[in-house]
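Working through the structure, step by step
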Amino acid sequence: MKKIIVTGCNGQLGRAINHVLTDQKEYDLVNTDVPELDITDIDKVMELAREVKPYAIINCAAMTNVNACETERDAAFRINAIGPRNLSIAAAETGAKMFQISTDYVFSGSENKRYREYDRVNPMSVYGTSKLQGEYMVKDFAGKYFILRTAWMYGEGNNFVKTMLRLAETRDTVTVVKDQFGTPTYSMELARAIAYLLPTDNYGVFHATCEGECSWADFATEIFRLAGKSTKVQGVTTEEYDKIAPGQAHRPAFSVLDNYMFDMTTDFKFKPWEEAIPEYIKTLV
Ligand SMILES: NC(=O)c1ccc[n+]([C@@H]2O[C@H](COP(=O)([O-])OP(=O)(O)OC[C@H]3O[C@@H](n4cnc5c(N)ncnc54)[C@H](OP(=O)(O)O)[C@@H]3O)[C@@H](O)[C@H]2O)c1
């Protein structure tokens, strides 16, 4: 059996990876989260990798609270950059394939066009900067790597969909940003994409989101429609939202990713976001 170290296994993607890969009999998952393996600790990472001799390391661990990253810069850098560095060093030494998950926040989002993998990165937040450093670390230290940039992810865990449904319990109207565009992506779709790449030597940087695009306000509207909620969405601009909830980290205005590398090098297709979200909502009701 091929052993796979999964870090951050209790997070949204970690859980999805478990759903997708436990059905595949050739893989044996070594699941870890902070108590079993803090990815910022190089000694512990090397120790586990030497013991397991993994076929692959799938790094689902990260500091994902974008606002907290602004105030806890060192923690963001330690988890989002040093962590992947440690895992990449371990992957290189043991010959493992390294999977790193990155983000649309590596782009500024100031141009009104879908980003391809080769487009110029320019993060505008601490989170985006730390994740970009993570990409560089993986490129510097891992021999065989896949970097998948995803966006607006939802799955088992805390996410925008659950926040909207919670607000719908007590409010007739919710205020949602209408001028930031991206692609909501179901963690199960990303996990399927990782499972597709896992046995291949098709290394590199991949944009990995569901297909299509929408604003947060459009997304909220669709969530309420699918969940049968009568809650109304009041769309506001980012500027207006910052006045209602000050202290937000900068978020890209237009960070729709083009899954160009998947299209160019594989026959894997992501579902359109409008097809993936009903699947997820069904798991909640
Ligand atoms: N969620 C999104 O919208 C989104 C968008 C773009 C990219 N991504 C990327 O996708 C990946 C997966 O995201 P996700 O939403 O599944 O994240 P998540 O739900 O926040 O899960 C991350 C997991 O990593 C754990 N963790 C934190 N620090 C760790 C450390 N030092 N060592 C080991 N584990 C640690 C967390 O534990 P605690 O909960 O105890 O901290 C949590 O269980 C991340 O790389 C993220 O940057 C996510």
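Residues numbered from 1 in each chain as written. Predicted model: local features only at pLDDT ≥ 70, side-chain atom pairs only at ≥ 80, totals over all residues.

**Observations regarding the overall build of the protein**
Of regular secondary structure, the protein possesses 11 helices and 12 strands. At 19 Å, the protein has a C-alpha radius of gyration in line with the 19 Å of a compact globule built from 285 residues. The dimensions of the protein, computed from C-alpha atoms along their principal axes, are 55 × 40 × 35 Å. Relative to all contacts within the protein whose residues are 6 or more apart in sequence, the contacts with residues 24 or more apart total 84%. (Helix = DSSP H or I, 4+ residues; strand = E, 2+ residues; numbered from the N terminus. Rg over C-alpha atoms; globule rule 2.2 N^0.38 Å. Contact = placed C-beta atoms within 7 Å.)

**A few points about the nonpolar core**
Of all hydrophobic cores here, the largest spans 82 residues; its most connected members are Ile17, Ile57, Ile58, Met98, Leu148, Leu190 and Ile194. Each residue touching Met98, except ones within four places of it in the same chain, is listed here: Ile57, Leu87, Ser88, Ala91, Val138, Ala142, Lys144 and Tyr145. (Core = buried A, V, L, I, M, F, W, Y, C linked by C-beta atoms within 7 Å. Buried ≥ 20, exposed ≤ 12 C-beta atoms within 10 Å, placed from the backbone.)

**Observations concerning the packing of helix 1 (residues 12-21) against helix 7 (residues 187-197)**
Relative orientation of the contacting elements helix 1 and helix 7 amounts to 55 degrees, with a least axis distance of 8 Å. Taken as axis vectors, helix 1 and helix 7 run oblique relative to one another. For helix 1 against helix 7, the interelement crossing comes out right-handed. Taken together, the residues of helix 7 that come into contact with helix 1 (itself represented by Gln12, Leu13, Ala16, Ile17, His19, Val20 and Leu21) are Ser187, Met188, Leu190, Ala191, Arg192, Ile194 and Ala195. For the contact of helix 1 with helix 7, a count of residues per class yields 10 nonpolar, 3 polar and 1 charged. (Axes fitted to C-alpha atoms, helices over the stretch in contact; angles between N-to-C directions. Parallel < 35°, antiparallel > 145°, perpendicular 65-115°, else oblique. Left-handed = near helix turned anticlockwise from the far one by under 90°. Nonpolar A, V, L, I, M, F, W, Y, C, P; charged D, E, K, R; others polar.)

**So, unusual backbone geometry**
The backbone of Lys53 shows a phi angle near 50 degrees, a positive value even though the residue is not glycine. Among the structural elements, Lys53 can be located in the loop between helix 2 (42-52) and strand 3 (56-59). For Lys53, a count of 11 C-beta atoms within 10 Å gives the class exposed. One non-glycine residue, Trp152, lies in positive phi territory at about 45 degrees. Classification of Trp152 as buried rests on a count of 26 C-beta atoms within 10 Å.

**Here's the deal with the sheet that holds strand 2 (residues 27-31)**
Through backbone hydrogen bonds, the strands of a sheet pair up, either in parallel or in antiparallel fashion. If you walk across this open sheet you meet the 6 strands as 2-1-3-4-5-10, and the pairing is parallel. Edge strands, defined here as strands with exactly one partner in the open sheet, are strand 2 and strand 10 (204-207). Within this sheet the neighbouring strands show an average axis-to-axis angle of 20 degrees, counted without direction. Where strand 1 (residues 2-7) and strand 3 come together, 4 bridges link them in parallel fashion. Within strand 3, the residue paired with Val6 across the bridge is Ile58. Its contacts with the sheet put helix 5 (residues 126-141) on strand 4 (97-103) and strand 5 (144-150), and the angle it makes with strand 4 is roughly 160 degrees. (Pairing = 2+ DSSP bridges.)

**Considerations on the environment of Tyr154**
For Tyr154, the position within the fold is in strand 6 (residues 153-154). A tally of 23 C-beta atoms within 10 Å means that Tyr154 is categorised as buried. Expressed as a C-alpha distance, the spacing of Tyr154 and Thr103, which sit 51 residues apart in the sequence, is 14 Å. Here Tyr154 is in contact with Asn159, Phe160, Val161, Pro184, Tyr186, Ser187 and Tyr280, once residues within four sequence places are set aside.

**Looking at the site of the ligand**
The full set close to the ligand counts 26 residues, and Gly8, Gly11, Gln12, Ala61 and Ala62 are the nearest of them. Elements supplying a minimum of two residues to the shell around the ligand: helix 1, helix 4 (73-94) and strand 4. Taken together, the residues that form the shell around the ligand break down as 12 nonpolar, 11 polar and 3 charged. (Near = placed C-beta within 6 Å.)

**Let's talk about the confidence of the model for the protein**
With 100% of its residues at a pLDDT of 70 or more, the protein has an overall mean of 97. Averaged pLDDT values over the elements of the protein bottom out at 94 in helix 9 (residues 238-244) and peak at 99 in strand 4. (pLDDT = per-residue confidence, 0-100.)

**Quick word on the pairing of strand 2**
Note that strand 1 and strand 2 share 5 bridges and pair parallel. Within the sheet, the bridge partner assigned to Lys2 lies in strand 2 and is Tyr27. For the crossover that starts at strand 1, traverses helix 1 and ends in the parallel strand 2, the hand is right-handed. (Right-handed = clockwise from strand over helix to strand, strands pointing away.)

**Side note on the packing of helix 8 (residues 216-226) against helix 11 (residues 273-284)**
Where helix 8 meets helix 11, the closest approach of the two axes is 10 Å, and the angle between their N-to-C directions is 45 degrees. The angle between the axes of helix 8 and helix 11 places the two elements in the oblique class. The chirality of how helix 8 crosses helix 11 is right-handed. Here helix 8 contributes Glu222, Ile223 and Leu226 to the contact with helix 11, which in turn contributes Glu274, Ile277, Pro278 and Ile281.

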